Amino acid sequence: MCGIIGYTGIGNAVPKITKGLSVLEYRGYDSVGLAAKTDTGIKTVKCKGRIGALEEKLEASPIKESGTAIGHTRWATHGGPSDTNAHPHSVGKTVLVHNGIIENYRELKSELEATGVTFVSETDTEVAAAVLNGEYERVGDPISAIRTATSRMTGSYAFGILFSDKDGEVFAIRSGSPLILAKGADGYYLASDMTALLPFTNEYYCLVEGELARLTPNGATVYSADNTPSEPAWSVTSMTAESAQKGGYPHFMLKEIYEQPEAVVKSVSPRVKKGQPDFSADGIDAEFWKKVKNIQIVACGSAMHAGLVGIRLLEDIAKVPTVSCIASEYRYHPPIATDGTLVIVISQSGETADTLAALRYATDAGLPTLAIVNAVETTIAREADKRIYTYAGPEIAVATTKGYCTQVSVLYMIAAAISKAKGLIDDTEAAALVKGITEDAPKAISDMLENVEMLRGLSERLAKKEHVFFIGRGTDYAMSEEGALKLKEISYIHAEAYAAGELKHGTISLIEEDTPVIAISTEEALYDKTESNVREVRSRGAYVILLCREDAKNAEASADAVIRLPVNSAAATLFASLTAVQVLAYETATLRGCDIDRPRNLAKSVTVE
Ligand code: M6R
């Protein structure tokens, strides 16, 4: 999704902006641009395409040294990708970059057109620039102009702003979209995303909803909603520029798959005390868990799939009725809440607009909320009543792997904690669950990664196909949903997940000679039934890859290829199956020559509804 970077200081701004833009690439974008303050005014360079195209333009027409600039990567919403629709947008003295959507831009545009203002792009952002410029021309003061202009806008926005008559000054304001300020050795920065700041500094401040900021080469000032100025309360991040680099792997996705064992350990170990599940470091005690009578998990995409696995864990281990809801649907038909309902929102980025809207809906309904979030200090983490961070580190590939993996691991630990708090399991049983997730699962992931050659071999067959089916029962159906999403988003192969028993009610008509079916069977009690479904599709010509427990009988006779999973604990079996489907997706997409880390049309952090 769109990305913002800004700088003002004693350094050369343009190379800093292009560097920041290249870090922001992972978010997904289709055009790019920057505007730099020079002795002769603000110079804007922008184009459809990737950073390389922008750099060519800059080479052909260099911007002489500038100390103040803003840049943007655009993921098209209003108007297709084009040079004209790319940000920054300039109107009069005002130049701005924007993340988010101005929902009332049509009304604002009509008002302005009636007064003779003309527009060159199809974007809502150019309208925002015109509204702001009108106010700035009227009042002459940037702070009050920005306040008045944004008070007329509905929707979401994070703006980085330059005014042609304000040398060395960058302004910023946010509402609904994140913005972070940073303090470096040679100036001050602005970005929509912490990773874009890491090449320059680790001192940062997350702007709060409605705060406005003014950066100069000598300092940063934050204005609260009532315009009281203060110096930002800087924090230091432990993230490093290296953690957001590929580190020798051909793709971030592969690196992140290999980081999963460590990410799981980092995410669950802080929630263990004396071998027992313990969330006291997150401000959550046994009394809190005891009061939970039912759970609504709300999330999008893979995070929602983590919720599907969560249903099984929370119902089987903690006996708490649980549903997993698509966040974008939650507001239209929320599940009925009762006394003891807990809403758990899950988000890797902590900024997904649909998840945030659902969280706010739940908060307005007076429900207690708990966020499972990876990116610290993000809006979702801040707005939930309680938060549990997954410590996966920066996830750059658009397709989530370690993010999802750590979400499931934390849900596992929550299920154990609730079960223990409610007295459903004793210390020995709780310790076994804890060991499963802290030790067996990370080892199972590492062991599965020893099988990459074998998985690559299987991927050769998948890579030639346009349709693949995933089937499973229970938790394996939930995992099938994630396997299918992973494959389709990065390899562009049409992949569908079905509850294994459901195929014969219609979908089996799509099975023909050589159709790949990936069957997941990690639950011993369900193996025979899933194996029957495997035989059904195979006898109709399907090529079946069966992921099953290492003690499963007759697997080789039932399927064309078998991937054996460890059985030392349920967590080990589950996480091994996850790793296998992730690697199958990765290898298949590699064989098809896809842009793995930046799949077409997708964005890492989806900050529009
Ligand atoms: O940042 P979030 O976890 O809130 O993101 C939710 C989804 O957009 C995300 O999981 C998406 O489905 C991934 N691209 C899947 O790999």
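Note that the structure is predicted; figures quoted are calculated from it, not measured.

Rules behind the numbers
Here the residue index of a chain counts from 1 through its sequence in written order. Given that the model is predicted, a residue must reach a pLDDT of at least 70 before its local features are reported, and side-chain atom pairs must reach 80 or more before they are shown or counted; all residues, however, enter totals for whole chains, interfaces and linings. To get the side-chain values, all heavy atoms of the structure are used, and hydrogens and water are removed first. To get an axis, a line is fitted to the C-alpha atoms, and for a helix only the part in contact is used. The angle between two axes follows their N-to-C directions and goes from 0 to 180 degrees. Every helix listed is a DSSP run of H or I at least four residues long, and every strand listed is a run of E at least two residues long, numbered separately from the N terminus. Crossing handedness follows the turn of the near helix against the far one: under a right angle anticlockwise gives a left-handed crossing, and clockwise gives a right-handed one. Contacts were defined at the residue level, with two residues in contact if any of their heavy atoms lie within 4.5 Å. Residue type decides the class: Asp, Glu, Lys and Arg count as charged, Ala, Val, Leu, Ile, Met, Phe, Trp, Tyr, Cys and Pro as nonpolar, and the leftover types, Gly among them, as polar. Throughout, nonpolar core names a set of buried Ala, Val, Leu, Ile, Met, Phe, Trp, Tyr and Cys residues whose side chains join them through atoms within 4.5 Å. Burial classification: accessible surface area is computed with a 1.4 Å probe over protein chains only, and a residue below 20% of its type maximum counts as buried, one above 50% as exposed, and the rest as partly exposed. Any N or O atom pair separated by 3.5 Å or less is treated as a polar contact, with the protein-specific requirement of one donor-capable and one acceptor-capable atom, and with residues adjacent in sequence counted only for side-chain atom pairs. Handedness of a crossover is defined as follows: with both strands directed away from the viewer, a clockwise route from the first strand across the helix to the second makes it right-handed. A pair of strands counts as paired when DSSP detects no fewer than two bridges linking them. One heavy atom within 4 Å of a molecule or strand makes the whole residue count as near it. Computed with the Shrake-Rupley method and a 1.4 Å probe, the accessible areas treat only the protein chains shown as cover for residues. Note that domain bounds follow an automatic or database assignment of domains. Pairing of aromatic side chains here covers Phe, Tyr and the six-membered ring of Trp, requires ring centres within 6.5 Å, and sorts the geometry by plane angle: under 30 degrees stacked, over 60 edge-to-face, intermediate tilted. Placement of a charge over a ring requires the Lys NZ or Arg CZ to be within 6 Å of the ring centre, with the centre-to-atom vector within 35 degrees of the ring normal. One less than the residue count of a helix, multiplied by 1.5 Å, gives the span that helix is expected to have. Starting at the helix axis, one direction is taken to each C-beta atom, and the arc is that of these directions. Put simply, a salt bridge is a Lys or Arg side-chain nitrogen that is within 4 Å of an Asp or Glu carboxyl oxygen.

### Digging into the packing of helix H14 (residues 427-448) against helix H19 (residues 570-591)
Inference 1: Two elements in contact, H14 and H19, have axes whose closest approach is 8 Å; the angle formed by their N-to-C orientations is 35 degrees. Every pair of crossing elements has a handedness; the one defined by H14 and H19 is right-handed. Facing Gly436, Ile437, Asp440, Ala441, Ala444, Ile445 and Met448 of H14, the residues of H19 in contact are Ala571, Ala572, Phe575, Ala576, Thr579 and Ala580.
Inference 2: Residues belonging to the contact of H14 with H19 are distributed by class as follows: 10 nonpolar, two polar and one charged.

### Quick look at the nonpolar core
Inference 1: With 119 residues, the main nonpolar core has Trp289, Ile414, Ile563 and Phe575 as its most contacted residues.
Inference 2: With 13 residues, the single largest contributor to this core is H19.
Inference 3: In contact with Ile414, other than residues within four places in its own chain, are Phe279, Trp289, Leu314, Leu370, Ile372 and Ile388.
Inference 4: Counting 27 residues, the second-largest nonpolar core is a separate cluster that includes Tyr105, Val131, Ile146 and Tyr157.

### Considerations on the side chain of Arg271
Inference 1: By the element assignment, Arg271 lies in the loop between helix H7 (260-268) and strand E16 (272-273).
Inference 2: Under the relative-accessibility criterion, Arg271 is labelled buried at 1%.
Inference 3: Separated by 2.8 Å, the side chain of Arg271 and the backbone oxygen of Ser267 make a polar contact.
Inference 4: Beyond its immediate chain neighbours, meaning those up to four positions away, Arg271 contacts Gln276, Pro277, Asp278, Phe279, Asp282, Ile388, Tyr389, Tyr391, Val410 and Met413.

### Some remarks on the pairing of strand E26 (residues 543-549)
Taken residue by residue, a regular strand's side chains alternate between the two faces of the sheet.
Inference 1: In terms of burial, E26 is largely enclosed, as seven of its seven residues are buried.
Inference 2: The parallel pair strand E25 (residues 516-521) and E26 is bridged by helix H17 (residues 527-538), and the resulting crossover is right-handed.
Inference 3: Taken together, the five bridges between E26 and strand E27 (residues 561-565) define a ladder with parallel strand orientation. Following the sheet pairing, Arg549 is matched in E27 by Leu565.

### Topic: the environment of Trp75
Inference 1: Assignment of secondary structure puts Trp75 in the loop between strand E4 (68-74) and strand E5 (89-91).
Inference 2: Separated by 391 residues in the primary sequence, Trp75 and Glu466 have C-alpha atoms spaced 27 Å apart.
Inference 3: Residues within four places of Trp75 in sequence aside, it is in contact with Met1, Cys2, Gly28, Tyr29, Asp30, Asn601, Leu602, Ala603 and Val608.
Inference 4: Engagement of the side chain of Trp75 in a polar contact is seen with the backbone oxygen of Asn601, the distance being 3.4 Å.

### Brief notes about the site of the ligand
Inference 1: Taken together, the neighbourhood of the ligand is formed by 14 residues, with Ser347, Gln348, Ser349, Thr352 and Glu489 sitting nearest.
Inference 2: In this structure, Gln348 approaches the ligand through a main-chain N or O atom, which is 2.7 Å from an oxygen atom.
Inference 3: Within the side chain of Glu489, an N or O atom sits 2.4 Å from an oxygen atom of the ligand.
Inference 4: Protein burial of the ligand: of its 410 Å² of free accessible surface, 90% is covered by the chains.
Inference 5: Counting residues per element, the ones that place at least two in the shell around the ligand are helix H9 (301-318) and helix H16 (475-491).
Inference 6: Here the residues of the shell around the ligand sort into five nonpolar, seven polar and two charged.
Inference 7: Of the residues that make up the shell around the ligand, three or more belong to each of domain 2 (246-449) and domain 3 (451-596).

### Quick look at the packing of aromatic side chains
Inference 1: Going through the model one piece at a time under the given rule, you end up with 11 aromatic pairs.
Inference 2: On the numbers, 5.5 Å between centres and 80 degrees between planes, the contact of Phe279 with Trp289 is edge-to-face. Here the residue Phe279 occupies a position in the loop between strand E17 (276-277) and helix H8 (286-290), and Trp289 occupies one in helix H8, the gap between them amounting to 10 residues.
Inference 3: Judged by relative accessible area, Phe279 falls into the buried class, the value being 2%.
Inference 4: Look at Tyr330 and Tyr361: their rings are 5.9 Å apart centre to centre, the planes differ by 85 degrees, and that puts the pair in the edge-to-face class. Of this pair, Tyr330 sits in helix H10 (residues 327-330) while Tyr361 sits in helix H11 (residues 353-364), placing them 31 residues apart in sequence.
Inference 5: Above the face of the Tyr7 ring, Lys16 is positioned so that its terminal group lies 5.0 Å from the ring centre.
Inference 6: Positioned above the aromatic ring of Tyr543 is the side chain of Arg461, whose terminal nitrogen or guanidinium carbon lies 3.8 Å from the ring centre.

### Structural notes on the domain arrangement of the chain
Inference 1: Each assigned domain of the chain is listed with its residue range as follows: domain 1 (2-244), domain 2 (246-449) and domain 3 (451-596).
Inference 2: Taking only C-alpha atoms into account, the centre of domain 1 sits 45 Å from that of domain 3.

### Some remarks on the environment of Arg312
Inference 1: As for its position among the elements, Arg312 is in helix H9.
Inference 2: The exposure class assigned to Arg312 is partly exposed, which follows from its relative accessible area of 30%.
Inference 3: With 132 residues separating them in the primary sequence, Arg312 and Ala444 have C-alpha atoms 20 Å apart.
Inference 4: Once residues within four sequence positions are removed from consideration, Arg312 is found in contact with Ile317, Gly474 and Thr475.

### A look at H17
Note: α-helices contain 3.6 residues per turn, so residues at a spacing of three or four share the same orientation.
Inference 1: When the terminal C-alpha atoms of H17 are compared, their 16 Å separation across 12 residues agrees well with the 16 Å that a helix rising 1.5 Å per residue should span.
Inference 2: The complete set of buried residues in H17 reads Tyr527, Thr530, Glu531, Asn533, Val534 and Val537. Looking down the long axis of H17, one finds its buried residues gathered within 155 degrees of arc, a one-sided arrangement. Relative to its buried face, H17 has exposed residues pointing more than 90 degrees away, namely Asp528 and Lys529.
Inference 3: Along its buried surface, H17 packs onto strand E23 (467-472), E25, E26 and helix H18 (555-558).

### Structural notes on the sheet that holds strand E2 (residues 31-38)
Inference 1: Taking strand neighbours across the sheet as the criterion, the eight strands line up as E3-E2-E4-E1-E10-E9-E11-E15 in an open arrangement whose pairing is antiparallel. The open sheet terminates on both sides in strands that have one partner only, identified here as strand E3 (41-48) and strand E15 (235-236).
Inference 2: The sheet strands contacting helix H2 (residues 51-60) are E2 and E3, and the helix crosses E3 at an angle near 135 degrees.

### A look at the pattern of salt bridges
Inference 1: Under the definition given, this model contains 34 salt bridges.
Inference 2: Between Asp186 and Lys16 there is a salt bridge; the shortest N-O distance is 2.8 Å. With Asp186 in the loop between strand E9 (180-184) and strand E10 (187-191) and Lys16 in helix H1 (residues 13-24), this pair connects stretches of sequence that are 170 residues apart.
Inference 3: Residue Lys16 is classed as buried on the basis of its relative accessible area of 15%.

### Some words on the pairing of E25
Inference 1: Burial of E25 is extensive: six of the six residues sit out of reach of the surface.
Inference 2: Neither face of E25 is open: one carries Pro516, Ile518 and Ile520, the other Val517, Ala519 and Ser521, and all of them are buried.
Inference 3: The pairing of E23 with E25 spans four bridges and is parallel. Its bridge partner being in E25, Gly472 is matched across the sheet by Ile520.

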